[in-house]
2 protein chains.
Amino acid sequence: MVSPGSSTTKTDVDKKRAYLFADAFKAFTEGGAEISSEARNKMREALGGKGAGLAEMTASGVNVPPGLTIVTQCCRDYHANKQQLPEGLLEQIFEELKTVEAAVDRKLGDLEKPLLVSVRSGAKFSMPGMMDTILNLGLNDLTVEALAKLMNNGRFAWDSYRRFIAMYSGVVLEINKDMFEDLLEDKKDALGIKTDSDLTEANLKELVGEFKALVEKKSGHVFPQDTKEQIKGAVEAVFRSWNNSRAIYYRNLNKIDHDLGTAVTIQAMVFGNLNDQSATGVCFTRNPSTGEKDLYGEYLINAQGEDVVAGTRTPNKISQMKTEMPKVYDELLETVGKLEKHYRDMQDIEFTIEQNRLYILQTRTGKRTAAAAVKVAVDLVNEGIIKKDEGLCRVEPMQLNQLLLPSFDLKSKEKAKGESRHFATGLNASPGAAIGRIVFNPDEAEALSSKGEKVILIRIETCPDDIHGIVPAQGVVTARGGMTSHAAVVARGMGKPCVAGCEVLKINLEEENMTVNTTSGVQSFKKGDTISIDGSTGELFKGIIATQDANLSPEFRTLLEWADKTRKLGIRANADTPDDARIAREFGAEGIGLCRTEHMFMSQDRLPAMQEMIMANSEDERKAALTKLLPMQREDFKGIFLAMQNLPVTIRLLDPPLHEFLPKLSDLISDVATMRAKSVKGAELRNKEILLRKVSELHESNPMMGLRGCRLGLVYPEINKMQVQAIFEAAIACQKEGVNVEPEIMIPLVGHVEELRIARTELEAVAKDVMEKAKVSIKYKIGTMIEVPRACMTADEIAEFAEFFSFGTNDLTQMTFGYSRDDAESKFLQKYLEGIDCNGVKEKVLKSNPFEVLDRAGVGKMMKIAVESGLKTRPELKLGICGEHGGEPSSIAFAHQIGLTYVSCSPYRVPVARLAAAQANLNLEERDK
Amino acid sequence: MVSPGSSTTKTDVDKKRAYLFADAFKAFTEGGAEISSEARNKMREALGGKGAGLAEMTASGVNVPPGLTIVTQCCRDYHANKQQLPEGLLEQIFEELKTVEAAVDRKLGDLEKPLLVSVRSGAKFSMPGMMDTILNLGLNDLTVEALAKLMNNGRFAWDSYRRFIAMYSGVVLEINKDMFEDLLEDKKDALGIKTDSDLTEANLKELVGEFKALVEKKSGHVFPQDTKEQIKGAVEAVFRSWNNSRAIYYRNLNKIDHDLGTAVTIQAMVFGNLNDQSATGVCFTRNPSTGEKDLYGEYLINAQGEDVVAGTRTPNKISQMKTEMPKVYDELLETVGKLEKHYRDMQDIEFTIEQNRLYILQTRTGKRTAAAAVKVAVDLVNEGIIKKDEGLCRVEPMQLNQLLLPSFDLKSKEKAKGESRHFATGLNASPGAAIGRIVFNPDEAEALSSKGEKVILIRIETCPDDIHGIVPAQGVVTARGGMTSHAAVVARGMGKPCVAGCEVLKINLEEENMTVNTTSGVQSFKKGDTISIDGSTGELFKGIIATQDANLSPEFRTLLEWADKTRKLGIRANADTPDDARIAREFGAEGIGLCRTEHMFMSQDRLPAMQEMIMANSEDERKAALTKLLPMQREDFKGIFLAMQNLPVTIRLLDPPLHEFLPKLSDLISDVATMRAKSVKGAELRNKEILLRKVSELHESNPMMGLRGCRLGLVYPEINKMQVQAIFEAAIACQKEGVNVEPEIMIPLVGHVEELRIARTELEAVAKDVMEKAKVSIKYKIGTMIEVPRACMTADEIAEFAEFFSFGTNDLTQMTFGYSRDDAESKFLQKYLEGIDCNGVKEKVLKSNPFEVLDRAGVGKMMKIAVESGLKTRPELKLGICGEHGGEPSSIAFAHQIGLTYVSCSPYRVPVARLAAAQANLNLEERDK
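Attention in this report is confined to the structure presented alongside it. What you see is a predicted model; the values in this text were computed from it and never measured.

1. Examining the packing of aromatic side chains
Geometry of an aromatic ring pair is reported as the spacing of the ring centres plus the angle between the planes. All names here are of chain A. Counted by the stated rule, this structure contains 32 aromatic pairs over all chains. Arranged with centres 5.6 Å apart and planes meeting at 80°, the rings of phenylalanine 156 and phenylalanine 271 form a pair that is edge-to-face. Of the two residues, phenylalanine 156 sits in helix 6 (residues 154–171) while phenylalanine 271 sits in the loop between strand 4 (263–268) and strand 5 (279–284), which places them 115 residues apart along the sequence. Exposure class is identical for phenylalanine 156 and phenylalanine 271. Each is buried. Seen in terms of ring centroids, tyrosine 819 and tyrosine 832 are 6.4 Å apart; in terms of plane orientation they differ by 75°. Their pairing is edge-to-face. With tyrosine 819 in the loop between helix 32 (809–817) and helix 33 (821–834) and tyrosine 832 in helix 33, this residue pair connects regions lying 13 residues apart in the sequence. There is no split in this pair, since tyrosine 819 and tyrosine 832 are both buried. One aromatic cluster in this structure is built from Phe817, Tyr819, Phe828 and Tyr832.

2. Observations regarding unusual backbone geometry
All names here are of chain A. With phi around 65°, asparagine 136 is a residue other than glycine that occupies positive phi space. Within the secondary structure layout, asparagine 136 lies in strand 3 (residues 133–137). When its relative accessible area of 10% is taken as the criterion, asparagine 136 is described as buried. The backbone phi angle of arginine 344 is positive, close to 55°, even though this residue is not glycine.

3. Details of helix 25 (residues 665–677) of chain A
Every α-helix carries 3.6 residues per turn, so stepping three or four residues along brings you back to the same face. Over its 13 residues, helix 25 of chain A extends 18 Å from the first C-alpha to the last, a length consistent with the 18 Å expected when each residue adds 1.5 Å. Restricting attention to buried positions, one finds in helix 25 of chain A the residues Leu665(A), Leu668(A), Ile669(A), Val672(A), Ala673(A), Met675(A) and Ala677(A). The secondary structure elements touched by the buried residues of helix 25 of chain A are helix 26 (683–698) of chain A together with helix 26 (665–677) of chain B. Just beyond helix 25 of chain A, the residue with positive phi is Ser679(A), at close to 55°.

4. Some points on the state of the cysteines
Residue and element names in this part refer to chain A. Taken as a whole, this structure holds zero disulfides over all chains when the rule is applied. In this structure cysteine 502 is a free cysteine whose sulfur lies 10 Å from that of cysteine 498, the closest cysteine sulfur available. The thiol of cysteine 734 is unpaired, and the distance to the nearest cysteine sulfur, on cysteine 595, comes to 13 Å.

5. Some words on helix 34 (residues 821–834) of chain B
Residue and element names in this part refer to chain B. When the local axis directions of helix 34 are compared, the greatest deviation, roughly 55°, occurs at phenylalanine 828. The complete set of buried residues in helix 34 reads Asp823, Ala824, Glu825, Lys827, Phe828, Leu829, Tyr832 and Leu833. A positive phi of about 120° marks glycine 835, the residue just after helix 34.

6. A few points about the interface of chain B and chain A
Each partner contributes residues to the interface: chain B has 63 residues there, and chain A has 63 residues. Taken together, the two surfaces of chain B and chain A that pack against each other cover about 5500 Å², and 61% of this comes from carbon and sulfur. Counting every contact that joins chain B to chain A gives four salt bridges. Across the pair Arg790(A) and Asp855(B) runs a salt bridge, and its minimum N-O distance is 2.7 Å. Put simply, chain B and chain A have 30 residue pairs in polar contact (both at pLDDT 80 or more) between them.

7. Re the relation of the copies chain B and chain A
Note on the copies: chain B fits chain A at an RMSD of 0.3 Å, the axial shift is 0.0 Å, and the rotation between them is 180°. Such a combination of turn and shift is consistent with a two-fold rotation axis. Taking C-alpha positions as reference, the residue of chain B nearest the rotation axis is Asn702(B), located at 2.1 Å.

8. Remarks on the packing of helix 6 of chain A against helix 8 (residues 201–219) of chain A
The packing of two helices is summarised by the inter-axis angle and the distance between the axes. Residue and element names in this part refer to chain A. Direction vectors running N to C along helix 6 and helix 8 enclose 20°, while the axes themselves pass 9 Å from each other. By the criterion of interaxial angle, the relationship of helix 6 to helix 8 is roughly parallel. As helix 6 packs across helix 8, the resulting crossing turns out to be left-handed. Each of Gly154, Arg155, Trp158, Asp159, Tyr161, Arg162, Ile165, Ala166 and Ser169 in helix 6 lies in contact with helix 8, whose residues at this interface are Glu201, Leu204, Lys205, Leu207, Val208, Phe211, Lys212 and Val215. Each residue belonging to the contact of helix 6 with helix 8 can be placed in one class, and the counts come to nine nonpolar, two polar and six charged.

9. Some thoughts on the sheet that holds strand 14 (residues 455–459) of chain B
Across a sheet, strands are paired by hydrogen bonds formed along the backbone, either parallel or antiparallel in direction. Residues and elements named next belong to chain B. Pairing within the open sheet is mixed, and its eight strands lie in the order 11-21-20-13-14-15-16-12. In this open sheet, the two strands that pair with only one neighbour each are strand 11 (422–425) and strand 12 (427–430). On average, each strand axis in the sheet is tilted by 30° relative to the strand beside it, whichever way the strands run. Examined bridge by bridge, strand 11 and strand 21 (residues 539–542) share three bridges and lie antiparallel to one another. Residue pairing across strands places histidine 422 opposite phenylalanine 541, the latter belonging to strand 21. Across the sheet, helix 17 (residues 410–418) touches strand 11, strand 20 (530–534) and strand 21, and the angle it forms with strand 21 is around 70°. Lying on the sheet, helix 18 (residues 442–450) is in contact with strand 13 (433–439) and strand 14; it crosses strand 14 at an angle near 175°.

10. Describing the side chain of Arg711(B)
If you trace the backbone, Arg711(B) turns up in helix 28 (residues 710–715). There is no salt bridge for the buried Arg711(B), and the closest opposite charge comes from Glu755(B), which lies 4.4 Å off by N-O distance. Within the local environment of Arg711(B), its side chain forms a polar contact with the backbone oxygen of Gly818(A), the two atoms lying 2.7 Å apart. There is a polar contact of 2.9 Å between the side chain of Arg711(B) and the backbone oxygen of Gly706(B). Among residues more than four places away in sequence, those in contact with Arg711(B) are Phe817(A), Gly818(A), Tyr819(A), Phe828(A), Tyr832(A), Met705(B), Gly706(B), Leu749(B) and Glu755(B).

Cut-offs and rules
- Residue numbering note: each chain is counted from 1, following its sequence as written.
- Starting at A for chains and at 1 for ligands, labels are handed out in the order in which the entities are written.
- Reporting of local features is limited, given that this is a predicted model, to residues whose pLDDT is at least 70; pairs of side-chain atoms are given and counted only at 80 or more, and all residues count toward the totals for whole chains, interfaces and linings.
- Only hydrogens and water are set aside; all other atoms, that is, all heavy atoms of the structure, feed into the side-chain values.
- Put simply, two rings from Phe, Tyr or Trp (the six-membered ring, in Trp's case) pair if the centres are within 6.5 Å, and we call them stacked under 30 degrees between planes, edge-to-face over 60, tilted for the rest.
- For the purposes of this entry, the term helix denotes a DSSP run of H or I that reaches at least four residues, the term strand denotes a run of E that reaches at least two, and both are numbered from the N terminus.
- Remark: exposure states derive from per-residue accessible area (1.4 Å probe, protein chains only) relative to the maximum for the residue type, with buried under 20%, exposed over 50%, and partly exposed in between.
- Take the residue count of a helix, subtract one, and multiply by 1.5 Å to get its expected span.
- Whether two residues are in contact is decided by their heavy atoms: any pair within 4.5 Å suffices.
- For this text, the term disulfide refers to a pair of cysteine sulfurs within 2.5 Å.
- Two axes enter the definition of the bend at a residue: one is fitted to the seven residues ending there, the other to the seven starting there, and the bend is the angle between them.
- The buried area of a pairing is the accessible area, by a 1.4 Å probe, that goes missing from both parts when the two are put together, added over both.
- A pairing counts as a salt bridge when a side-chain nitrogen of Lys or Arg comes within 4 Å of a carboxyl oxygen of Asp or Glu.
- The term polar contact refers here to a pair of N or O atoms within 3.5 Å; inside protein, the definition further demands a hydrogen-donor-capable atom paired with an acceptor-capable atom, and it admits residues adjacent in sequence only when both atoms are side-chain atoms.
- We superpose the copies by least squares over the C-alpha atoms of residues that have a pLDDT of at least 70 in both of them.
- Note on geometry: axes are C-alpha line fits, over the in-contact stretch for helices, and angles between N-to-C directions span 0 to 180 degrees.
- In this scheme, roughly parallel covers angles under 35 degrees and roughly antiparallel covers those over 145, while 65 to 115 is roughly perpendicular and the rest are oblique.
- Handedness of a helix crossing follows the sense of rotation of the near helix relative to the far helix, less than a right angle counterclockwise being left-handed and clockwise being right-handed.
- All amino acids are sorted into three groups, where Ala, Val, Leu, Ile, Met, Phe, Trp, Tyr, Cys and Pro are nonpolar, Asp, Glu, Lys and Arg are charged, and the leftover types, Gly among them, are polar.
- Whether two strands pair comes down to DSSP finding at least two bridges between them.
- The sign given to each residue is positive for Lys and Arg and negative for Asp and Glu; His and the chain ends receive no count.

Here it is, written out as structure tokens:
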């Protein structure tokens, strides 16, 4: 398939004369039945994705419409040789086409049984829609009549012909397609009809005449009637389309090599609409919803593929075929079984039956729900089709999330749609089902929730200040913001359903209502109305939709058991309450990797004591307030220890800046200004002023880099000391009850070894004191969060005083990038992810949000340095991640790669992490082979 | 000097029988006249600092009071051997003492000419005041009478005896010293006298009796009359004092090895108060104020050292000795000349003359002013005493700062003191002289300054919000805050005089006045009063003190010329205006390393256009505002280019967040709340509300990590484009005038290579456009600030699109530590530097402020990674520092070590940097030897 004297390299393939699928496939598999991924790759290189797929199917004994593929080398030669087709190529094509003609009993240009072919591009990497395709090639003024007679359908034949002329003229003759479109529209206007399907055979014949006249006018030649000339034109056009501007842009964008070239596949067209012995359909080898092993799909007798998709006729269930076309049904069953076995995964298959003959048009891995993914993977292993390791890699870890949440009952949803209760759809930002009364204000969400009311928080967009309203809400809806908007990220982190970017909602925050234009008219909602939101689909419903609990299948448990045996990484959970701890343990957590103590002070019964402590004017006053908090903290820790018996519990000492526990500065400024302007006097003003003074005193320009973490503990040591006292008193109480506890005290935000050494010295004294008083000894560890870049750089020093490192990747990402998490997303990060206009080209600054997917080049490099130098000082150092990344598969893979001991994530992410950790180990083993 | 069977190692030294200085010195120098620093070190190890110093002086032929030193090995043996003195030690001491006795013609315990000795500790490293010392040893009930007779001064003899008893009893017999003090106080009370000097010989005799009785009562023994027993007791006590708790604490604090041990020096006491042929004095070999080569000092005939120091008698100028004691004066001249030559630096010498015999008691390197340091160093080189390289290392670079600033005329200051105009002294936080009217409010400082008024800003303490008042003020005074307080740091950075922590000032900010208690009564000051402040001394004066301009000596220029030949680092300046650029160039800057464009928008004529740009509701409005700014920017750049002809000018594009150009959020909230409460209506309220909305929109929780730097440029590209247009139009205008310009455009805050690539692509298009329009080509570079940790980690990628890296060490330190520069200092950094109470011990978290002295372990390590990987990608990459650290000597040394191309600092720091860079190169060469 190569021109003589071409400068490009010849491969084994291009020595052959022609390239029918089966031959090509054999060339790559060298006789073996299985095809290696390497061979499959080479085949894609030579034949393009489409050609390779057809070759592979043919080779595995499946009946696909016959055809041939011109290898990519030919395209490279074509362009290298001033866009000349290699000598002898056309002769080879027509020679090989004879085999195709024989196989389908049709002939190119034949006046009785004309062969129609498609001519398609196909590169190594999929470039959907970028290059050109021509269908129905082989039609001319004579064969159209033959086709009409053969199909007994004149309208179909003439419709195909007018489409072919337009397509061929556009692609090959480079006549603007819009002009054909204009003629079509003019015709319909003249006839007073609306849709193409209303055109009669006679109308179409006229249109063909007009199309041909246009071609002649524009190109100076009549439309090519020679079918061989048609083939030549089409092949060259496909080659040329490799270098059209769309394709070049696409390759630049996706970093695809411009030198690869495209293959060309010429394939016989088959017709499911020939007669009642013909049909077309789509099927899955297993149920894509449930994973059950059961042929699943639809078909239509005497129809074309488009008819199934278009929904103009209602297709039949595939099972009905058993009675309507029993023989073909058996053949289909056998064929799809063969394909599933060949491709070793559930397949999504398009087929056509022409005159009782089954043709497979396409097969691909079938998309499936999370539940199906799990069942199919486990079943395939049990059926011996794939190995356990492969089964583990067949499920996207993040999919497991869906399975843990309650979901809406599908029937109930269908019914609601019938009642026009489905009023809007936004982005499915965080999966799960939620029902509640709508509120438009986070304060109100908090207030109503505290009274036991279930609420859905609706906002135009959310910001960190809304967090107190998101936490107690059942779910969140925003009108603006994408999948990485604040609401989406926060909600996913909490496993809380969220529909984001639902732009059809017209929200009036002041009047606390919203309206939406639906097909059944404008619907209005006001505060207190009940709605149901489906975070898995992005749908919003008026009223209540019935839900069903998460039902963890036996396959789910099996898969995770396999994962546990495969993974090397430990999995812990971030849990701040006994309830969270219990859930985490049920999901398989092997301890708590992060217990944030600040959340414990936020509840209504503790906040006053906390505020008293902060407002204290002396150490004594501060200590008095802390004395009130001590018993509460002790109970908190006791509950968590009990839930995590025999497992380690990492408790982080108080971390956030103190002003987070007080009213907002801007509110206080406004209040005081108003009171003064209105001449309010006395205690009311005085107290506000005192509060304002304190909050101003605590105010920081950049609180994220301010007085928090261990800095707080060093400046106000009484707080940490109280916490450590509570931890040890709780641990002792548990131990006395026979409950084994393993507290690990974590000192946050350490950036200098001296911070840790001093804090540790102070806290060890408290621990010793409490244990000596109780005459009980508790085994414990002291370690630190590694979340400040400097800690990574000086990890060797820090490891001297830390028994464990827990990477706080949220803060570490924040400081490594210098992106304030509270600001970046709304101010520039969203734009960085969407792309920035650069001299007219949209350029993405970041491929993914570093707060979601751990940035390996920057943050990851820093972590690696920390791990290596930390282990040098202390080889037994325990290493973990406790940022949001601990539950994100790609980040978990990285954690595994750099040799961490464990990751810690939110309880609902634990199954995800277990699976991701197993996959990480398998991939690393794969890589190391 | 070692007990038999001691386990510790023997050295060459301890094989000798005894250790007179001369012997010991010879042992180390092995005959050579010069002593190597290694030998000096060994000698300090064996003889301690004091003993080694005396030995060296003796060896260099100087007459010091004779004595002997017991080596440190003996102390180690003493402690290793259950606190037993090595066998035979005492015999050796008494044997060697004979030589001492012969040398001074006195004898221990002699009843005519009794020898008195001092017994002193002395370790390898100075531990001032930590161990014990005994003076006047050798006195007893009999020798005291002999001394009285010999000195013809009974009062002196008895006073010495009572002091000796108290000292010996405290140190050797471990009797609480306070009891002797109590007896002394009782005696004075009983006699009705106030000072010790009023006690008569008779009183002192009585007191000695009472002291002895106390000793007998407390110890059960009479006070030791045997002078040999006194020696034994004293030697053991000094050995014991090595392990007293003060000494151990001090060694822990200073990381001094506990095993070193102390030496003991027993030295004859000599008396300058013996008669009129005796004297005592202090002298410098050169003038410590000016550096002139001229013996400088004072002496007193018939006096003791204390008399000179105490100021009870007015000493004579040393030159008077020429006539009063011509022979001894000549000897002194010769001796100090010898010492200066031996120690190769200007010496500060204590001497005593006993009976026309000159004894040198101590010599040390003389402290000197900056001016003297420079002159002495250059003179010593020119005199051939030291080499050029050594001369360069003799001046502390930071000292040069003082020489660049105008200073107060000393006579004018003295006169003011006489008129009681000196009213307070604070910390000398930033050197220089400033005169102005006092204001208590930064806004007022700004307003008055803009009217040409010279003001001194007085604050209780300053914060970043005050910066607009500090910039235009002549000087700053604060009542609170230390040398690293905000005011101090900022003022030093600007070369602006500052007196900090002046706590005697009682400032009333609301009433805008202050009072201060002085010895001449309470003085009051109100806004507008003129004062003079001396930042070099911390003194404040009422009214005007005459100033004198900085007068750069020829030696100053010589030293810096030498430095320029020696250094490898380039030195640039941070300059934002043509004036700054000119000053920088005069001080030797080789270009501008940082031109901050934001300062250009802050002035009153530009701010409105800038605000208009920010408040713009559309791109068109924004562009219109930018069009107004363009010509102003062009003129700014032109001025700077002209000042920096032929030198590179690095211009940083707009960096700070936009809200910095608008009023403060808290002020707007307060204003709007007040207006609403007072029911203000109409345009006034509306405009405020619009402003509030915009400022709220721009508000960020952590602006340092928010929308600024290149992020701003990517989100609002028009700003950067306008700036680049201005730069190139200015450059073209200069070039047309024949002025060669080398613009380097610096893109700030890059953390990801794509930020730089995209910004660069956009800006290159603008540059090309402007150049093509003008048909002029300008050579330019584009580079980036490296100030985000991630940039360091991914420097290899970033270097692909950067022709230079300039380390923004301020921000890099900020993010590497996670210390918000605006908050850290006042919230916790000050405490970190002062020390944190840890279980009762004060522990420093940080040794130095990382915003002043570059943190090598963390920030430095990151920079090293960036340098190495940046150079790997682009070997010709230019590398600089443009943070505050660029003018700090230790940071400059680090910059040199890691191979940077240049440092850039404020214009007034350029000479400092030139010298520091030379020293860095010399030290590195030294290290590499």
